[in-house]
Amino acid sequence: NVWVRDATAPTMIFRDAESVDHETLQVTLQLNEPGTLWCQAAELSSVLTTPNCKETQLQDSNAGNDCYFETFIKGATADSTVFTT
C-alpha cells in the first residue's frame, strides 16, 4: 500500500441553493476532485444576540463544549439525509 499525501486543497464550486420548504435549505456544492464536503450552519459574528453558534465560535477540539462540530459525515436516510455523488 502506497499513500501519497494530497497537500493541495480542492476547489469548492457553488452550484445552487434552494429553499425546499419553511425549514429546509438545500445547497449544492461541487469539488474539482474526489472528496467530501461538510457544512455547519452558524450565525454571522456580527449578530449581537443569538441562541445559535456564531461563525467564530465553531470548534472541533472539545465535544462537550457548545458549538462543537463533527469532522466526519454522519446521517441516515430515515432522517432525510441525502448523500449524492
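Remember, predicted model here, so these are calculated numbers, not experimental data.

How should I be thinking about the overall build of the chain in this particular structure?
Helix and strand counts for the chain stand at zero helices and two strands. Residues counted as buried form 6% of the 85 residues belonging to the chain. Put simply, 13% of the contacts in the chain that link residues at least 6 apart link residues at least 24 apart.

What is the right way to look at a nonpolar patch on the surface in this model?
A cluster of nonpolar residues, Phe14, Leu25 and Val27, forms a patch on the protein surface that exposes about 320 Å² of accessible area. Tracing the sequence through the fold places Phe14 in strand β1 (residues 12-21).

Would you mind going over the pairing of strand β2 (residues 24-31) with me for this structure?
Here is the key point about a regular strand: its side chains alternate between the two faces of the sheet. Of the strand pairs in this sheet, β1 and β2 are connected by eight bridges, and their pairing is antiparallel. From the neighbouring strand, Ala17 faces β2, where its bridge partner is Val27. Between β1 and the antiparallel strand that follows it, β2, lie two residues.

It is not clear to me how the state of the cysteines should be interpreted in this structure. Could you clarify?
Put plainly, a disulfide is one covalent bond tying together the sulfur atoms of two cysteines. A full pass over the atoms with the stated rule returns one disulfide. Disulfide partner of Cys53: Cys67, at an S-S distance of 2.1 Å. The disulfide joining Cys53 to Cys67 has a torsion of about -100° about its S-S bond and is therefore left-handed. Pair noted here: Cys53 is in the segment after β2 and Cys67 is in the segment after β2, with a separation of 14 residues, a long-range link.

Just checking my understanding: could you explain the environment of Val27 for this structure?
With respect to the element layout, Val27 can be found in strand β2. Relative accessible area serves as the criterion here: at 42%, Val27 is assigned to the partly exposed category. When the C-alpha positions of Val27 and Phe14 are compared, they lie 8.1 Å apart, and in sequence the two are 13 residues distant. Look past the residues within four positions of Val27 in its chain and what remains in contact with it is Phe14, Asp16 and Ala17.

Hey, could you run me through the side chain of Gln59 in this one?
Its place among the elements puts Gln59 in the segment after β2. The buried category is assigned to Gln59, whose relative accessible area is 16%. Other than its neighbours up to four places away in sequence, Gln59 contacts Asn65, Asp66, Cys67, Tyr68 and Phe69.

Please clarify how the environment of Asp60 should be interpreted in this entry.
You can see Asp60 is positioned in the segment after β2. Judged by relative accessible area, which is 44%, Asp60 ranks as partly exposed. In this structure the C-alpha to C-alpha distance between Asp60 and Glu70, which are ten residues apart in sequence, comes to 6.7 Å.

The rules we used
Residues numbered from 1 in each chain as written. Predicted model: local features only at pLDDT ≥ 70, side-chain atom pairs only at ≥ 80, totals over all residues. Heavy atoms only, no water. Helix = DSSP H or I, 4+ residues; strand = E, 2+ residues; numbered from the N terminus. Buried < 20%, exposed > 50% of the residue type's maximum accessible area, 1.4 Å probe, protein only. Contact = heavy atoms within 4.5 Å. Patch = residues over 30% accessible without salt bridge, like charges linked within 9 Å, V, L, I, M, F, W, Y side chains within 5 Å. Areas by Shrake-Rupley, 256 points an atom, 1.4 Å probe, with all protein chains shown as cover. Salt bridge = Lys/Arg side-chain N within 4 Å of Asp/Glu carboxyl O. Pairing = 2+ DSSP bridges. Disulfide = S-S within 2.5 Å.

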